[in-house]
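As a plain string of letters, each chain reads:
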Amino acid sequence: MTEAPALAIVGTAVFDGTGGPPVPAQTVVVGGGRVARVGPAGELRPPPGAEVVDGAGCTLLPGIVDAHVHLDFYPPAEVLAGGVTTVRDLGWPAGRLAALRALAEGPGAASPRLLAAGQIVTVPGGYPTRAAWAPPGTARPVADAAEAARAVAELAAGGAAVVKGALDDRVGPTLPGPVLAAVVAAARGHGLGVTAHVGTAREADKALAAGVGELAHWPFDRRTLPDALIARLAASVTVVPTLHIQPSRARRRGVRRFVELGGRVVYGTDLGNQGPPPAVDVEELRLLVAAGLTPARALVAATSAAAAHLGLADTGRVAPGFRADLLLVAGDPLADLAALSRVRL
């Protein structure tokens, strides 16, 4: 197979994903699927035979990493075209997920890179066994700790990147504390973390006690979580807030306090379930800014921080040696987040 010619994006501002301001008038050379060189446009010339893209008036940044999607609701090519180059699917039946994986891993795939949890571990009758959005087989009910360990082993064997547990007491029964602890222990034994879909403060407290390391949403409690609980969360877990799907005052206040206390957030949208159409969710980023992140830190949460959280050491930055998962947009997204909707490449 003949390797594609190098690509050079010339005269663009570069936001490298680490949080600094965009560097103007840069040239970025890509070859073999990796960033090869980055330097001032007046000094770095495109290699002979390279495809040259004029980046004047644009900003080049790492492709967006969405840590909470349900990808099969949209053609993956549409998600990719919207600037999202990596996704983590947090709940889908095994058979349908296998087809998505095959598409994402094919040569020249018109799909974001796909990480996935697989089925959601829950109890009989618990979320999402009756959820309208969830196809049959999305839930993996377990009755006790031994069955929970078997379920985690099956998910790990199926290629799970994380194990998702359901703790939504607003709509049904939830995993008891000892069973949830068994899920966490079994996941740890397979080198996996656990993310939890949490309904209320009581279930968030249960997740903390069991050693859950991530919340797949900020809890949906109608009241702001107690400050002591938020402080414990800030010290122990990473949160994918998904504020846009339910921007209630209680949730916005909770995330703001979490951020004030040093809590770690990464970008995610719930794409396909309640989230936006396939694209970068500018409103989610705006809500993260309203919660106390600067625009630059919000973009870090959607690029390098999200990639690092997902264990992707070579993704999320515009720097030599990193994967060429890149997004070129018209304008400066740090000055106007809406620039992320003006995708040029």
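So, here's what we can say about the structure.

Turning our eyes to something else, we now look at the pairing of strand S8 (residues 113-116). On any regular strand, side chains alternate: one points to one face of the sheet, the next to the other face. Neither face of S8 is left uncovered, since the one carrying Arg-113 and Leu-115 and the one carrying Leu-114 and Ala-116 both have all their residues buried. Of the pairings in the sheet, the one linking strand S7 (residues 84-89) to S8 comprises 4 bridges and is parallel in character. Across the sheet, residue Val-87 finds its bridge partner in S8, namely Leu-114. In this fold, S7 hands off to helix H2 (residues 94-105), which returns the chain to S8; that crossover is right-handed.

The next point concerns the nonpolar core. One finds Val-163, Leu-233, Phe-258, Leu-285 and Leu-340 to be the most contacted residues of the largest nonpolar core, which totals 80 residues. When residues in this core are grouped by element, the largest group, 6 residues, is from helix H4 (residues 177-189). Each residue touching Leu-285, except ones within four places of it in the same chain, is listed here: Tyr-267, Val-280, Ala-298, Leu-299, Ala-302, Leu-337 and Leu-340. Counting residues in hydrophobic clusters, the runner-up holds 12 residues, among them Ile-9, Val-28, Val-30 and Val-35.

Moving on, we come to helix H8 (residues 282-290). Of all the positions in H8, only Val-282, Glu-284, Leu-285, Leu-287 and Leu-288 are classed as buried. Next to the buried residues of H8 lie helix H7 (249-260) and helix H9 (295-301). After H8 finishes, the residue Gly-292 shows a positive phi value of roughly 120°.

Before going further, it helps to examine the sheet that holds S8. The strand order across the open sheet formed by 3 strands is S6-S7-S8, and the pairing between neighbours is parallel. The open sheet is flanked by strand S6 (64-69) and S8, the only strands paired with a single partner. Along the sheet, successive strands turn relative to each other by an average axial angle of 20°, direction set aside. Inspection of the sheet shows S6 paired to S7 by 4 bridges, in the parallel sense. From the neighbouring strand, Val-69 faces S7, where its bridge partner is Asp-89. Strands in contact with H2 are S7 and S8; relative to S8, the strand with the most contacts, it is inclined by about 150°.

To continue, consider the sheet that holds strand S14 (residues 238-239). The parallel open sheet is built from 7 strands, whose spatial order is S10-S9-S11-S12-S13-S14-S15. Each edge of the open sheet carries a strand with a single partner, namely strand S10 (139-141) and strand S15 (264-265). Pairing of strand S11 (residues 163-167) with strand S12 (residues 194-198) involves 5 bridges; the strand directions are parallel. Note on S12: the bridge partner recorded for Leu-167 is Val-198. Strands in contact with helix H5 (residues 201-210) are S11, S12 and strand S13 (214-215); relative to S11, the strand with the most contacts, it is inclined by about 140°.

In this structure the tally under the stated criterion is 17 salt bridges. Notably, a salt bridge pairs Arg-140 with Glu-147, separated by 3.8 Å at the nearest N-O pair. Among the residues examined, Glu-147 registers a relative accessible area of 22% and is labelled partly exposed. The salt bridge partner of Arg-202 is Glu-203, with a shortest N-O separation of 3.8 Å. Overall, Arg-202 belongs to the exposed group, its relative accessible area being 60%. A relative accessible area of 3% places Glu-203 in the buried class. Within this structure, Asp-169, Arg-202, Glu-203 and Lys-206 form a network of salt bridges that share partners.

Rules used throughout
- The numbers attached to residues start from 1 for each chain and follow its sequence in the written order.
- Confidence filtering applies because this is a predicted model: local features only for residues at pLDDT of at least 70, side-chain atom pairs given and counted only at 80 or more, and all residues used for totals across whole chains, interfaces and linings.
- With hydrogens and water set aside, each side-chain value is computed from the structure's full complement of heavy atoms.
- Relative accessibility under 20% of the residue-type maximum defines a buried residue, over 50% an exposed one, and the middle range a partly exposed one, all with a 1.4 Å probe and only protein chains included.
- Every helix listed is a DSSP run of H or I at least four residues long, and every strand listed is a run of E at least two residues long, numbered separately from the N terminus.
- Two strands qualify as a pair provided that DSSP identifies no fewer than 2 bridges between them.
- Handedness is read with the strands pointing away from the viewer; a crossover is right-handed when the path from the first strand over the helix to the second is clockwise.
- We call a set of buried Ala, Val, Leu, Ile, Met, Phe, Trp, Tyr and Cys residues a nonpolar core when their side-chain atoms join them within 4.5 Å.
- The contact definition used throughout considers only heavy atoms, calling two residues in contact when any of these lie within 4.5 Å.
- Each axis is a line fitted through C-alpha atoms, and for a helix only the stretch in contact is used; angles between axes span 0 to 180 degrees, taken between their N-to-C directions.
- Whenever a carboxyl oxygen of Asp or Glu lies within 4 Å of a side-chain nitrogen of Lys or Arg, that contact is scored as a salt bridge.

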